Amino acid sequence: MNAGKHVRHWINGKPYDGPAERQGDIHDPATGRTTGKVDFASAEEVNAAVAAARAAFPGWRDASLARRTAVLFRFRELLAAHRDELAALISSEHGKVVSDAAGEVARGLEVVEFACGIPHLLKGGFSENVSGRVDAYSILQPLGVVAGITPFNFPAMVPMWMFPVAIACGNTFVLKPSEKDPSASVRLAELWADAGLPDGVFNVVHGDKAAVDGLLEHPDVKAVSFVGSTPIARYVYETAARHGKRVQALGGAKNHMVVLPDADLDLAADAAVSAGFGSAGERCMAISVVVAVDPVGDRLLDRIRERVADLRVGPGDDPRSQMGPLVTREHRDKVASYIDGAREQGATVAVDGREVEVEGAEHAGGFWLGPTVLDHVTPQMDAYRDEIFGPVLSVVRVGSYDEAMALIAANPYGNGTAIFTNDGGAARRFQNEVEVGMVGINVPIPVPMAYYSFGGWKDSLFGDSHAHGMEGVHFYTRTKAVTARWLDPSHGGVNLGFPTNC
Ligand code: NAD
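Here the residue index of a chain counts from 1 through its sequence in written order. Reporting of local features is limited, given that this is a predicted model, to residues whose pLDDT is at least 70; pairs of side-chain atoms are given and counted only at 80 or more, and all residues count toward the totals for whole chains, interfaces and linings.

> Would you mind going over the overall build of the chain with me for this structure?
Secondary structure follows DSSP: runs of H or I at least 4 residues long count as helices, runs of E at least 2 residues long count as strands, and numbering of each begins at the N terminus. Looking only at helices and strands, the chain has 16 helices and 23 strands in total. A compact globule built from 502 residues should have a C-alpha radius of gyration of about 23 Å, and the chain, at 25 Å, falls within 12% of that. Referenced to the eigenvectors of the C-alpha coordinate spread, the extents of the chain come out at roughly 85 × 60 × 40 Å. Counting every position in the chain, which comprises 502 residues, the buried fraction comes to 52%. The contact criterion used here is simple: two residues whose C-beta atoms, placed from the backbone, lie within 7 Å are in contact. Sequence separation of 24 or more characterises 71% of the internal contacts of the chain that already satisfy a separation of 6 or more. Only C-alpha atoms enter the radius of gyration, while the globule expectation follows 2.2 Å times N to the 0.38, with N the number of residues. For every residue, the other C-beta atoms within 10 Å of its own C-beta are counted; 20 or more classify it as buried, 12 or fewer as exposed, and values in between as partly exposed. C-beta atoms are placed from the backbone.

Below you can see the structure in the form of structure tokens.
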């Protein structure tokens, strides 16, 4: 039982024991009860964390690649060993079912495994004899103190898109996780310490806008990685850039799944329900819009309804549950408000999640909303225009492939999308034309593996680097090009001419 827990910042290898001017509540979304408090950082704690990271940088930057990878491999082993414990912790604060939380830890672990290969990834180039007896080479060096600001929906995975790569590259890191589910980040910090990471290389400050602004404005923070909603991503991008920092800011999403008439409709319905309602739709890669190309609409909707009827909603720690509650009461109520809104604006409520019943008197105060399906949604409706970020799947019916493409092109977001078809030519045309960063072909949640990079286009990403993979290595390093001449006995004396390559 987590009742009464107190989540503190993690600074310089240990919990920060100073008093907190402000705190936030942590809830169990399945019961609605308050289970603890989290300290909110002011400028003082942010400064302490950045100072610890700055002091740790020279030593970590100069640690050999062998030493850095030894720590990474140990961290990888500890993560694997504590996966179930982390999953239970995530579920208790976020609400997602434990198996889903374990999946999130596994996807984060893949990035750690990618980062274990850092000696190979940091190799620069070398050109011999670019001029007479002159060699040129490039080296990749870390930036210094870098910061990560992360959302509630993946409290372990999203931070692990960032810090394994940043730390492997030789940077030191300050994480500001979501204040709604802060415990996983502190557990990860403890595992780093157990893995032998020197104090100050990884720090965690909790809090809200004050903590974020402290990082964005701090002169010693060289780069900022952000993942969260689009308005805050835009703000972080602009503010961090104004303060001279390198920044990547991943924002919100509205992911369309196009179902062509030749698609396998059972496969498509399985995919729409899995991708629409997994983690209660609180995934940036969730499918929120099914685009049914005529004439599949009715047949597809029937199949979706059948599957939704079988979904079991319940607490995340019950292995029978397939979908948990939403993260907070406010968020639950906001998501639910879209149902009446859509009906008033002309949509059909095919499945109403407000009718959901969850076993157990202790769950009466939980933040429940069952899977909801809205049919005949149009681009003018709020349910289509807004990122709802909950278990509400909209079905938009269109007359043709071109109409489906026009819909996606007009949408301001460009995070993920998918096409379901048996026509290879149509799929190839889709992957070529669609203005979206991550594309699935008969795959509804095309999250790239750790060795590719994760990121959307348009209003789903501000900046030019995606997360992890080679773009992550690029983001957390800067390149130095060296031109070297070692004189030999044939050295020819002074030459005031402009250096040329002969
Ligand atoms: P959010 O934008 O509310 O919060 C994200 C982070 O910003 C948190 O750490 C929060 O404390 C901080 N923050 C909140 N308000 C702030 C403010 N006014 N000024 C400065 N910082 C502030 O997002 P959330 O509700 O935690 O997460 C859900 C959102 O994240 C969704 O929009 C989802 O699509 C998005 N998301 C995107 C991706 C992606 O890869 N593109 C991945 C996961 C989640």
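> Help me understand helix α6 (residues 157-168), please; the structure alone is not making it clear to me.
Note: α-helices contain 3.6 residues per turn, so residues at a spacing of three or four share the same orientation. Each helix should span, by expectation, one fewer than its residue count multiplied by 1.5 Å. With 12 residues, α6 ought to run about 16 Å at 1.5 Å a step, and its terminal C-alpha atoms sit 17 Å apart, in line with that. Counting buried positions along α6 gives 12 out of 12 residues, so the element sits mostly inside the fold. Of all the positions in α6, only Met157, Val158, Pro159, Met160, Trp161, Met162, Phe163, Pro164, Val165, Ala166, Ile167 and Ala168 are classed as buried.

> Any chance you could explain the nonpolar core here in plain terms?
For soluble globular proteins, the rule of thumb is that nonpolar side chains tend to be buried together. Val224, Met257, Val259 and Ala272 are the most contacted members of the largest nonpolar core, which has 159 residues in total. Counting residues per element, this core draws most heavily on α6, which supplies 10 residues. Domain ranges listed in this record stem from an automatic or a database domain assignment. Summarising the domain contributions, this core has at least three residues from each of domain 1 (5-251 + 460-482) and domain 2 (255-441). If near-sequence neighbours (up to four positions away) are discounted, Val259 is found in contact with Ala268, Val290, Val291, Ala292, Val293, Val296, Leu300 and Phe420. The term nonpolar core means buried Ala, Val, Leu, Ile, Met, Phe, Trp, Tyr and Cys residues held together as one set by C-beta atoms within 7 Å.

> Would you mind showing me how to read the sheet that holds strand β14 (residues 287-293) here?
Whenever strands of a sheet pair, they do so through backbone hydrogen bonds, lying parallel or antiparallel. Here we have 7 strands laid out as an open sheet, ordered β15-β16-β17-β14-β13-β19-β20, and mixed in their pairing. Pairing within the sheet leaves two strands with one partner each, and these edge strands are β15 (348-351) and β20 (438-441). Each strand axis lies, on average, 20° off the axis of its neighbour in the sheet, ignoring direction. Note that β15 and strand β16 (residues 372-375) share 3 bridges and pair antiparallel. Along β16, the bridge assignment pairs Val351 with Val373. Strand pairing is assigned whenever DSSP identifies at least 2 bridges connecting the two strands. Orientation is described by axes fitted as lines to C-alpha atoms, over the contacting stretch for helices, and by angles from 0 to 180 degrees between their N-to-C directions.

> Sorry, what's going on with the confidence of the model for the chain here?
Where the model shows low pLDDT, its predicted coordinates should not be examined in detail. Across the chain, the average pLDDT comes to 97, with 98% of residues at 70 or higher. Two numbers describe this predicted complex: its pTM, 0.97, and its ipTM, 0.99. The pLDDT value expresses, per residue, how confident the predictor is, ranging between 0 and 100.

> Teacher, can you tell me more about the packing of helix α2 (residues 65-81) against helix α7 (residues 183-195) here?
Two packed helices can be described by the angle between their axes and the distance between those axes. At their nearest, the axes of α2 and α7 sit 8 Å apart, and the two run at 130° to each other. As the angle between them shows, α2 and α7 are arranged oblique. For α2 against α7, the interelement crossing comes out right-handed. Along its contact with α2, which presents Val71, Arg74, Phe75, Leu78 and Leu79, the element α7 presents Leu191, Trp192, Asp194 and Ala195. Throughout this description, any angle smaller than 35 degrees is read as roughly parallel, any larger than 145 degrees as roughly antiparallel, any in the 65 to 115 degree range as roughly perpendicular, and the remainder as oblique. Definitions for this section: a left-handed crossing has its near helix turned counterclockwise from the far helix by less than a right angle. A right-handed crossing has that turn clockwise.

> Would you take a moment to explain the UniProt feature "domain: Aldehyde dehydrogenase" (unreviewed entry) in the chain for this structure?
UniProt positions are given in the numbering used here, feature names are shortened, and annotations may be inferred rather than shown by experiment. The UniProt entry lists residues 23-482 under the feature "domain: Aldehyde dehydrogenase" (unreviewed entry), expressed in the numbering used here. Helix makes up 42% of residues 23-482 and strand makes up 22%, while its end C-alpha atoms are separated by 50 Å.

> Which parts of the structure should I look at to understand the site of the ligand?
Whether a residue is near a molecule or strand depends on its C-beta atom, generated from backbone atoms, being within 6 Å of that molecule or strand. Looking at the ligand, there are 28 residues lining it, with Pro151, Gly228, Ser229, Gly252 and Cys284 nearest. Those elements giving two or more residues to the shell around the ligand turn out to be α8 (209-217) and α9 (230-242). Along the lines of polarity and charge, the residues of the shell around the ligand split into 13 nonpolar, 10 polar and 5 charged. Taken domain by domain, the shell around the ligand gets at least three of its residues from each of domain 1 (5-251 + 460-482) and domain 2 (255-441). Residues are grouped as follows: Ala, Val, Leu, Ile, Met, Phe, Trp, Tyr, Cys and Pro are nonpolar; Asp, Glu, Lys and Arg are charged; every other residue, Gly included, is polar.

> It is not clear to me how the sheet that holds strand β5 (residues 33-40) should be interpreted in this structure. Could you clarify?
Spatially, β1-β5-β4 is the arrangement adopted by the 3 strands of the open sheet, whose pairing is mixed. This sheet does not close on itself; its edge strands, each paired only once, are β1 (5-7) and β4 (22-28). Neighbouring strand axes in the sheet, compared pairwise and without regard to direction, differ in orientation by 30° on average. Taken together, the 7 bridges between β4 and β5 define a ladder with antiparallel strand orientation. Considered in β5, the bridge of Gly24 is made with Val38.

> Would you explain unusual backbone geometry in this entry?
The omega torsion across Asp294 and Pro295 is 10°, close enough to zero to call that bond cis. Its location among the elements puts Pro295 in the loop between β14 and α11 (297-309). Positive phi, normally seen in glycine, also occurs at Ser279, with a value near 55°. The topology assignment puts Ser279 in the loop between α10 (265-277) and β14.

> Quick question: what am I supposed to make of the packing of helix α3 (residues 83-94) against helix α4 (residues 98-116) here?
The geometry of α3 relative to α4 is characterised by a closest axis approach of 8 Å and an angle of 120° between their N-to-C directions. Regarding the angle of α3 to α4, the classification is oblique. As α3 packs across α4, the resulting crossing turns out to be right-handed. For the pair formed by α3 and α4, the contact residues are Arg83, Asp84, Leu86, Ala87, Ala88, Ile90 and Ser91 on the first element and Val98, Ala101, Ala102, Glu104, Val105 and Ala106 on the second. Residues belonging to the contact of α3 with α4 are distributed by class as follows: 9 nonpolar, 1 polar and 3 charged.

> Help me understand the environment of Asn415, please; the structure alone is not making it clear to me.
Note on placement: Asn415 falls in the loop between β18 (413-414) and β19 (416-420). Remark: the alpha-carbon pair of Asn415 and Gly252, spanning 163 residues in sequence, is separated by 7.6 Å.

> Would you explain the domain arrangement of the chain in this entry?
By a widespread convention, an interface's size corresponds to the accessible area lost as its parts come together. Each assigned domain of the chain is listed here: domain 1 (5-251 + 460-482) and domain 2 (255-441). Centre-to-centre, using C-alpha coordinates, domain 1 lies 31 Å away from domain 2. At the junction of the two partners, domain 1 supplies 18 residues and domain 2 supplies 26 residues. Here the element with the most residues in the side of domain 1 that touches domain 2 is α3; it accounts for 3 residues. Here the side of domain 1 that touches domain 2 is composed, by residue class, of 7 nonpolar, 8 polar and 3 charged.

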